[in-house]
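A structural walkthrough
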Amino acid sequence: MTLLADTLVCDTTKIAAWQADSAYQYNRELLSPEVNLMGLVQIWLGKVLQFLFGNRFAEEYTGIVLIVLLLLILLCLLWFLYRKRPELFLRAPKHSAAYHMHEDTIYGISFDECIEASCQRGDYREAIRLLYLQTLKQLSDGEQLNWQPHKTPTEYLYEVKDEALRSFFRSITNNFLRVRYGNFDATLPLFDRMRSDQHALLQRLPAALAMKGGVS
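Reference entry: report on the structure contained in this document. (Residues numbered from 1 in each chain as written. Predicted model: local features only at pLDDT ≥ 70, side-chain atom pairs only at ≥ 80, totals over all residues. Heavy atoms only, no water.)

**As for the overall build of the chain**
When its secondary structure is counted, the chain shows 8 helices and 0 strands. The helix and strand sequence of the chain, counted from the amino end, reads α-α-α-α-α-α-α-α. For the chain, restricting intrachain contacts to residue pairs at least 6 apart in sequence, the fraction spanning at least 24 positions comes to 63%. Of the roughly 15,200 Å² of accessible surface on the chain, 60% is carried by carbon and sulfur atoms. (Helix = DSSP H or I, 4+ residues; strand = E, 2+ residues; numbered from the N terminus. Contact = heavy atoms within 4.5 Å. Areas by Shrake-Rupley, 256 points an atom, 1.4 Å probe, with all protein chains shown as cover.)

**Examining the packing of aromatic side chains**
Per the counting criterion, the structure on display carries 4 aromatic pairs. Ring centres 5.7 Å apart and planes at 90 degrees place the aromatic pair Tyr107 and Trp147 in the edge-to-face group. Linking Tyr107 in the loop between helix 3 (55–84) and helix 4 (111–121) with Trp147 in the loop between helix 5 (124–141) and helix 6 (153–159), this pair joins segments that are 40 residues apart in sequence. Residue class for Tyr107 comes out partly exposed when judged on its relative accessible area of 43%. (Phe/Tyr/Trp six-rings, centres within 6.5 Å; stacked < 30°, edge-to-face > 60°. Buried < 20%, exposed > 50% of the residue type's maximum accessible area, 1.4 Å probe, protein only.)

**A short note on the environment of Pro149**
The residue Pro149 is located in the loop between helix 5 and helix 6 in this model. Look at Pro149 and you get partly exposed, because its relative accessible area is 33%. When the C-alpha atoms of Pro149 and Thr105 are compared, they prove to be 7.0 Å apart, with 44 residues separating the residues in sequence.

**Structural notes on unusual backbone geometry**
We note that Glu143 has phi near 60 degrees; this positive angle belongs to a residue other than glycine. A relative accessible area of 48% means that Glu143 is categorised as partly exposed.

Keep in mind these numbers describe shape, not what the thing actually does.
Here's what the structure looks like:
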């Protein structure tokens, strides 16, 4: 019996060519797809929920919990911006003209008389404006800020370093901005609250000035 010779020969050249051809790279389907940052966060959150509440809870609620967390983060950012820049969230009424700080000055005004006259007329919007300007002058005279006609209310807030002063001044500034730029009514109770904050600020001002002098 004659055995036939094995005529199968491995052509390594063709195999190398096929391996280099992208059309024959079938294993690419088995590669893991790229995972973006949101995907990584979702995977991590799923593992945390699985550890805390089990597999079924993680499978059903990971997406919902992720959305809730993102909404909470967004609300925290908006709250932070509102605390730091309240004027960004307030819209001037259509009937009022745009307000610019350089239209006002803190010098050459008898604030107490003008404020009293505005209150007598029931013009609490003007009284609040004057009280805010008077507060700027008091802080400027107390060397807590450097008044300039081109500065914004937020810039003045950052200049006041004393925490107690800044707390009262922030309340006065926010109420002023709400009345001036927002739709808040200028009322006697609101004006009284601002005046109360101003009195508290004035009581703290000498101590803040003394501390500033000691530091310098």
